[in-house]
Amino acid sequence: MVDNPHNANSLPHHVAVIMDGNGRWARQRGEDRVYGHAHGVESVRAIVREAGELGVEYLTLYAFSTENWSRPQAEINALMELLVDSLAGEVQELVKKGVRLRSTGAIDSLPESCREALKDVEDQTAGCTGITLILALSYSGRWELTEAVRSIVRSGTPAEDIDEQTLRDHMNLPDVPDPELLIRTSGEQRLSNFLLWQLAYSELHFTSVMWPDFREDHFRAAIHEFRGRERRFGRTGEQLTQNADDASNH
Ligand code: FPP
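As a starting point, this report considers the structure included with it. (Residues numbered from 1 in each chain as written. Predicted model: local features only at pLDDT ≥ 70, side-chain atom pairs only at ≥ 80, totals over all residues. Heavy atoms only, no water.)

## Brief notes about the sheet that holds strand β6 (residues 203–206)
And step 1. As summarised here, the arrangement of the 6 strands in space is β3-β4-β2-β1-β5-β6, forming an open sheet in which the pairing is parallel. The open sheet terminates on both sides in strands that have one partner only, identified here as β3 (100–104) and β6. Put simply, the sheet's adjacent strands are angled 20° from each other on average, direction ignored.
And step 2. Here β3 runs beside strand β4 (residues 132–139); their pairing, made up of 5 bridges, is parallel. (Pairing = 2+ DSSP bridges. Helix = DSSP H or I, 4+ residues; strand = E, 2+ residues; numbered from the N terminus. Axes fitted to C-alpha atoms, helices over the stretch in contact; angles between N-to-C directions.)

## A few points about the nonpolar core
And step 1. Counting residues in hydrophobic clusters, the biggest one holds 38 residues, and the most contacted among them are Val-15, Leu-59, Leu-135 and Phe-219.
And step 2. Among the elements that line this core, the one with the most residues is helix α3 (residues 73–97), at 7 residues.
And step 3. In contact with Phe-219, other than residues within four places in its own chain, are Val-15, Ile-47, Glu-50, Ala-51, Leu-54, Leu-59, Ile-183 and Phe-214.
And step 4. Core analysis: the next-biggest nonpolar cluster, separate from the first, contains 9 residues, Tyr-62, Ala-136, Phe-194 and Leu-195 among them. (Core = buried A, V, L, I, M, F, W, Y, C linked by side-chain atoms within 4.5 Å. Buried < 20%, exposed > 50% of the residue type's maximum accessible area, 1.4 Å probe, protein only. Contact = heavy atoms within 4.5 Å.)

## Things to note about the layout of surface pockets
And step 1. Quantified by volume, the largest pocket comes out at close to 930 Å³.
And step 2. Together, 43 residues line the largest pocket, and Met-19, Val-44, Tyr-62, Ala-63 and Trp-211 are the ones closest to its centre.
And step 3. At the level of elements, α1 (22–28), α2 (33–54), β2 (58–65), α3 and β4 are the ones that each hand at least two residues to the lining of the largest pocket.
And step 4. No other element matches α3, which puts 10 residues into the lining of the largest pocket.
And step 5. Class assignment for the residues of the lining of the largest pocket results in 21 nonpolar, 9 polar and 13 charged. (1 Å grid on protein atoms, 1.4 Å probe; cavity = no way out; pocket = protein on both sides within 12 Å on 5 of 7 lines; lining within 4 Å. Points joined across faces, edges and corners; volume = space filled by probe spheres on them. Nonpolar A, V, L, I, M, F, W, Y, C, P; charged D, E, K, R; others polar.)

## A look at the packing of aromatic side chains
And step 1. A complete count under the given rule lists 7 aromatic pairs for this structure.
And step 2. Ring centres of Phe-64 and Trp-69 lie 4.8 Å apart, and the angle between their planes is 75°; on these two criteria the pair is classed as edge-to-face.
And step 3. When its relative accessible area of 2% is taken as the criterion, Phe-64 is described as buried.
And step 4. Since its relative accessible area comes to 30%, Trp-69 is described here as partly exposed.
And step 5. Each ring, one from Trp-211 and one from Phe-214, has its centre 5.3 Å from the other, and the planes form 20°; the classification is stacked. Phe-214 matches Trp-211 in its accessibility class, with the two residues each being buried.
And step 6. Three or more aromatic residues joined by ring pairs make a cluster, and in this case those are Tyr-62, Tyr-139, Trp-143 and Phe-194. (Phe/Tyr/Trp six-rings, centres within 6.5 Å; stacked < 30°, edge-to-face > 60°.)

Any link to function would need more than the numbers given here.
So this is what it looks like as structure tokens:
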């Protein structure tokens, strides 16, 4: 289902973020890439807090892509360690703030320490009713679509019965609405295999700010820009005006 375009000026329910630029930020300071990731965790903390306070319902962060497995093993280990430490260190704060943690991706391929830390925080925050923070880990959009197709074939659904809703139902988190806004930091302007199905109609916000420098003000600026944009979903401006007139006459 396509969102109501009359919500054009409202807050996005779901924001997705490609947190990019940690490595370059560190190199600019003559430091190791891992130093950038460690500072990136500060940005994660700030943005989760800010998004929750603004009333955003879902925040999905691209924390580790399928492609990231080809990075040097030392960097992969450091990232996994950072994840485990952050999850363990933040769980009380997440519960206190009502943040529910969920994850998407090939979670089985993560080290055991990571899987356990994730499960522990997911369990502890399962009853939280504030923002839902979704960590995309060992994730790629093509992987998710491939898994969805496999799952449909296994279910024995006849080809003629398969429609968009069938695919949606077989994606990782079918109950989560599509992101209305995607933010990517560090000046790159690509989707990099992130949420390919779910981003079909999303507004895209690219900023040159590196992820470790991305803070509350930058997030609010992205939301502000989103609220000022007209979302057409393939319709003409005249059709939107007509729809708005019809809606205001009811
Ligand atoms: C991209 O920067 C960033 C990542 C691959 C990892 C992002 C992970 C974190 C910020 C830590 C996650 C922790 C939690 C708690 C979610 P890059 O290394 O690709 O930067 P570059 O493009 O400058 O090389």
